[in-house]
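Below are the chains, spelled out letter by letter.
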Amino acid sequence: MPAPYLGGCQCGELRYKIACEPVTLYVCHCTDCQKQSSSAFGMSLTIPTSSLKIVSGTMKEWTRPAQSGASVFCKFCPTCGSRILHGKDSRPDFINIKAGTLDDTSWLAPVAQVWTKRAQRWVCLDADLLSYEAQPPDPAPMWARWETEHTTRLTRR
């Protein structure tokens, strides 16, 4: 499915549009993502910050320390509390959309899994994905793999 991509919160008050292709998609097993998603992991779709347009609603923001030591800003719907995105002040050109907030998630296929040392013991880690025990030191391999696999999927359609 090519851009643009549409999404929003659970209650529908907050809507957004992503104007370009994502940079990567990964599964995160850190305990922060487990808590935030109320599940065993979270999924993050990295996009250029400039490609996100809020169509309706206003997000609320709070900042927290990440397990990696970085400071992370988190934005969510003030009405229903759905997390929409997070990012780092140290990397202002990119943000991570919570992939489950997209209207159509059928095309999503993560290329990596991070913080696997924090994965729940019953989670089956996918041996075909790039895998990192903690925060990857360099996102370039994830970005390159996404570029190859996502572009291939787009051309098949």
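In the block above lies the structure referred to throughout.
Every value quoted in this text rests on a predicted model; they were computed, and no experiment measured them. (Residues numbered from 1 in each chain as written. Predicted model: local features only at pLDDT ≥ 70, side-chain atom pairs only at ≥ 80, totals over all residues. Heavy atoms only, no water.)

Student: Describe the state of the cysteines, listing the residues and the values that go with them.
Tutor: Two cysteines, two sulfur atoms, one covalent bond between them: this is a disulfide. Evaluation of the coordinates by the stated rule reveals 0 disulfides. Cys33 carries a free sulfur, and the closest cysteine sulfur to it, the one in Cys28, is 3.7 Å from it. (Disulfide = S-S within 2.5 Å.)

Student: Kindly report on the nonpolar core, identifying the contributing residues and their values.
Tutor: Among soluble globular proteins, nonpolar side chains are generally buried collectively. Within the largest apolar cluster, 30 residues are counted, with the highest numbers of intra-cluster contacts made by Ile18, Leu45, Leu52, Ile97 and Leu102. Mapped onto this core, the elements with two or more residues apiece are β2 (15-18), β3 (24-28), β4 (42-48), β8 (83-88), β9 (94-98), β10 (112-114) and α2 (140-156). Per-element accounting of this core gives the leading share, 3 residues, to β3. (Core = buried A, V, L, I, M, F, W, Y, C linked by side-chain atoms within 4.5 Å. Buried < 20%, exposed > 50% of the residue type's maximum accessible area, 1.4 Å probe, protein only. Helix = DSSP H or I, 4+ residues; strand = E, 2+ residues; numbered from the N terminus.)

Student: Explain the sheet that holds β2 to me, using residue names and the numbers behind them.
Tutor: Paired through their backbone hydrogen bonds, the strands of a sheet run either parallel or antiparallel. Spatially, the 3 strands line up as an open sheet ordered β1-β2-β5, and their pairing is antiparallel. Looking at which strands have only one partner, the edges of the open sheet turn out to be β1 (5-8) and β5 (52-56). Taking the axes of each pair of neighbouring strands and ignoring which way they run, one obtains an average angle of 25 degrees across the sheet. As paired strands, β2 and β5 are joined by 4 bridges and run antiparallel to one another. (Pairing = 2+ DSSP bridges. Axes fitted to C-alpha atoms, helices over the stretch in contact; angles between N-to-C directions.)

Student: Could you give me a rundown of the sheet that holds strand β11 (residues 130-131), with the residues and numbers involved?
Tutor: Here 8 strands make up an open sheet; going across it, the order is β6-β7-β8-β9-β4-β3-β10-β11 and the pairing mixed. Every other strand in the sheet has two partners, leaving β6 (60-65) and β11 as the edge strands with one partner each. Relative to β10, β3 is paired through 3 bridges, and the arrangement is parallel. If you follow Cys28 over to β10, its bridge partner there is Val114.

Student: Report on the side chain of Thr24, specifying residues and quantitative values.
Tutor: When you line up the elements, Thr24 lands in strand β3. Within polar-contact distance, the side chain of Thr24 engages the backbone oxygen of Met142 at 3.2 Å. Those residues in contact with Thr24 that lie beyond four places of it in its chain are Ser44, Leu45, Thr46, Val111, Met142, Trp143 and Trp146. (Polar contact = N/O pair within 3.5 Å; in protein donor to acceptor, adjacent residues only side chain to side chain. Contact = heavy atoms within 4.5 Å.)

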